Structures are given as C-alpha cells and as structure tokens.
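# Residue-level structure breakdown
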Amino acid sequence: MSGNTGEYSRARSRLPYNLVRAAIYAAAQAANLNPRQISFSRAQDVVNACLPNLLAARSEHEHAIQLDAMLRRIAQCKLFRTSHRPSYPRMVWPRSGAFPKRKSGEHHAPKNSHD
C-alpha cells in the first residue's frame, strides 16, 4: 500500500467528483434536462446532505425512496439561464500611439532630494 499511496489518494479524491457527476446525470435524465444545466456545487451539497440517509437505509425500498428524493433535489439545482451575450455591444479600444521619442537635449538626471 505504501507504493500506491499517491494513486490511492487520487482515486479517493476522484470518487466524490464522479459520484456527484453520476448523480447529476441521473437527475438530469429523470427530469429531462441537459446535465450541464445543473450546478455542480449545489448538486454536491445535496449529495453530501443526502448521503448519510442513503447509507442508513434499512431496505432496498427505503434506499430507492431516499435516492429518488436526492435526484429530485439535484434536478432543482438548475443554473440560471444566460444568453452568453454581453448586455452591451463590445467596443474595440483605440490603439494608443507609440511613446514620443526623447529628444537628445531633454535627458535630465534625477534630482537628489538631499541637496
């Protein structure tokens, strides 16, 4: 186990992500939604809140009821509809001109404040 510790911890960290993604997909399919319409972070909160009840279910029937309730809650975690368009037309910023060239006689040394 010591040789695979890094791989084991990566697999453990992916499990919750994959569990939430699977729950989002199942909830979206049941609610006839696109899975991308569901907020991952809100769905993750629902999974974390419902997981103890799912694990504590004493029968398959109770587990199915808890799972159905969790999927219905996840389906309600929809993202806000956006048109992906800015509310104002974008403008191109004007290009600034090049800095003016310094004339050879204008070079001044910085004044010393101690004088």
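Keep in mind it's a predicted model, so treat the numbers as computed, not measured. Residue numbers run consecutively from 1 along every chain, following the written order of its sequence. Only residues with pLDDT of 70 or above have their local features reported here, since the model is predicted, and side-chain atom pairs are shown and tallied only from 80 upward, although totals for entire chains, interfaces and linings are computed over all residues. Think of the side-chain values as coming from all heavy atoms in the structure, minus any hydrogens and water.

pLDDT runs from 0 to 100 and stands for how confident the predictor is about each residue. The share of residues in the protein with pLDDT of 70 or more is 72%, and the mean pLDDT across the chain is 82. Helix and strand assignments come from DSSP, with helices taken as H or I runs of at least 4 residues and strands as E runs of at least 2, each series counted from the N terminus. When the elements of the protein are averaged for pLDDT, helix α1 (residues 5-30) gives the smallest value, 81, and helix α3 (residues 60-75) the largest, 96.

Any Lys or Arg side-chain nitrogen found within 4 Å of a carboxyl oxygen on Asp or Glu counts as a salt bridge. Under the criterion given, the structure shown has one salt bridge. Here Asp68 makes a salt bridge to Arg72, at a shortest N to O gap of 3.3 Å. Here Asp68 pairs with Arg72, and both are found in helix α3, just four residues apart, close to one helical turn.

On to the environment of Cys77, then. Its location among the elements puts Cys77 in the segment after α3. For Cys77, a relative accessible area of 5% gives the class buried. In this structure the C-alpha to C-alpha distance between Cys77 and Arg42, which are 35 residues apart in sequence, comes to 6.0 Å. Setting aside anything within four residues of it in sequence, one finds Cys77 in contact with Gln37, Ile38, Ser39, Arg42, Ala43 and Val46. We call a residue buried when its accessible area falls under 20% of the maximum for its residue type, exposed when it is over 50%, and partly exposed in between, using a 1.4 Å probe and counting protein chains only. Contacts are assigned to residue pairs with any non-hydrogen atoms lying within 4.5 Å of each other.

In this fold, Ser39 is placed in the loop between α1 and α2 (40-55). Of the residues examined, Ser39 reaches a relative accessible area of 8% and is grouped as buried. Whenever two N or O atoms come within 3.5 Å, that pair is a polar contact, provided that in protein one can donate a hydrogen and the other can accept it, and provided that, for residues adjacent in sequence, both atoms are side-chain atoms. Here the side chain of Ser39 touches Ser41 through a polar contact of 3.5 Å, side chain to side chain. Leaving out residues up to four positions away in the same chain, Ser39 has contacts with Ile24, Cys77 and Leu79.

Moving on, we get to the nonpolar core. Working definition of a nonpolar core: buried Ala, Val, Leu, Ile, Met, Phe, Trp, Tyr and Cys residues. They are joined through side-chain atoms within 4.5 Å. Ile24, Ile38, Ala43, Val46, Val47, Met70 and Ile74 are the most contacted members of the largest nonpolar core, which has 16 residues in total. Breaking this core down by element, the ones donating at least two residues are α1, α2 and α3. In this structure Ile24 touches Pro35, Ile38, Ser39, Phe40, Ala43 and Ile74, once residues within four positions along its chain are discounted.

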